[in-house]
Amino acid sequence: MQKDQGSSAPSTPTNGRVRHRRRSNEFPVEMSRTNGNHLLANDHNKYRSMWIRACSSLWMLGGFLLILYLGHLYIWAMVVIIQIFMARELFNLLRKAHEDKRLPGFRILNWHFYFTAMLFVYGRIFSHGLVNTVTSDKFFYRLVSRLIKYQMVICYFLYIAGFMWFILTLKKKMYKYQFGQFAWTHMILIVVFTQSAFTVANIFEGIFWFLLPASLIAVNDVAAYFFGFFFGKTPLIKLSPKKTWEGFIGASVATMISAFVLANVFGHFQWLTCPRKDLSTGWLHCDPDPLFKPEYYPLPVWISQRLSWKEIAILPVQWHALWLGLFASIIAPFGGFFASGFKRAFKIKDFGDSIPGHGGFTDRMDCQASC
């Protein structure tokens, strides 16, 4: 029996009416074809984009300075909030609404693993500081001491509970999707918490060791944008079409100079250099570390005669800062390149749209994750 050839005709207009709604952060196909030709110097909308980017940057800078003034615990809270937004953006990359409707509670399982990892990482970092904070109260001291003593066991059983939960939710014809999400969740935990564990530890060793690297990454990012904006002509890497050699080299020079200057400025504030041994929020006073005690170097005669200066004071930490600046100039941009390649693999423009002109939190933290 032959099929009626005309029976397939109605399917064409039906399929023609099915439209794919592109998300706001999806990477346009026509833009991907331009590859290295879409430079900031040739972008007709670059001034509008720069204005939006500058306004949102000022808001972020103001909020960051306020949190910095409030102290170590608030900075840690800011890191946690950023991590949650990053995890949310990354979880959504492989999310399929149709499959999720058939798996009620599967999203909650992802967050169960996330908060278990958070308890494991931060429980180890804060154990000593938490004990020092509650020593005045015997009841809380005993409670906290027991929680810290069994923290590893609690995290282990929480993970086992999540693992059993995952096995019990497996459904026929959904195995591939579920195991893909399981692997994706664990990769996110590694990406988010591996770097942040060192970041949070640095915060309590002294805000200086958190603020200086973060500032250098920001300086490098901003300098690369402006040098590429005004002078960018030579494409740097195909993964990121708007990156140019002019922006890369100009940003490297600006970052090295900023590293030497900012280390001297930050090193004079005890609030930034003193370590925090507990989880209180009071003002800090401490004997400065030798890295933050100035050393004096004599100037050449021809300079001292013109400027009436015989010597110059340099903090030893400024020499360390030059290495941090070199790292931020050369290594950290590769975090951005990695993120660019990642977004191209998923055919999206940004990880999210939480920050106007910048994309999502993951887009802003990609270089920070490398440092």
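Residues numbered from 1 in each chain as written. Predicted model: local features only at pLDDT ≥ 70, side-chain atom pairs only at ≥ 80, totals over all residues. Heavy atoms only, no water.

Caption draft 1: Here's a closer look at helix α9 (residues 175–205). For α9, which comprises 31 residues, the first-to-last C-alpha distance of 45 Å matches the rise-based estimate of 45 Å (1.5 Å per residue) to within 8%. At serine 196, α9 is bent by approximately 25°, the largest bend along its length. (Helix = DSSP H or I, 4+ residues; strand = E, 2+ residues; numbered from the N terminus. Expected span 1.5 Å × (residues − 1). Bend = angle between axes of the 7 residues up to and from the residue.)

Caption draft 2: Expanded view of helix α14 (residues 316–330). Between its first and last C-alpha atoms α14 spans 23 Å; for 15 residues at 1.5 Å apiece the expected length is 21 Å, and the two agree. Listing the buried residues of α14 in full gives Pro316, Val317, Gln318, Ala321, Gly325, Ala328 and Ser329. In this structure, the buried residues of α14 make contact with α10 (208–231), α11 (245–266), β3 (295–298), β4 (311–314) and α15 (333–346). (Buried < 20%, exposed > 50% of the residue type's maximum accessible area, 1.4 Å probe, protein only. Contact = heavy atoms within 4.5 Å.)

Caption draft 3: Highlighting the environment of proline 275. In this structure, proline 275 sits in the loop between α12 (270–273) and β3. Overall, proline 275 belongs to the partly exposed group, its relative accessible area being 30%. Each C-alpha atom, one on proline 275 and one on cysteine 286, is 8.3 Å from the other, the two residues being 11 residues apart in sequence. The residues contacting proline 275, other than those within four sequence positions of it, are Phe204, Glu205, Gly206, Leu284 and Cys286.

Caption draft 4: Representation of the state of the cysteines within the structure. In this structure the tally under the stated criterion is one disulfide. Between cysteine 274 and cysteine 286 runs a disulfide, and the two sulfur atoms are separated by 1.9 Å. Looking down the S-S bond of the cysteine 274 and cysteine 286 bridge, the torsion is -90°, so its handedness is left-handed. Note that cysteine 274 is positioned in the loop between α12 and β3 and cysteine 286 in the loop between α12 and β3, a separation of 12 residues in sequence. Classification of cysteine 274 as buried rests on a relative accessible area of 0%. Taking the relative accessible area as the measure of exposure, cysteine 286 reaches 24% and is therefore partly exposed. (Disulfide = S-S within 2.5 Å.)

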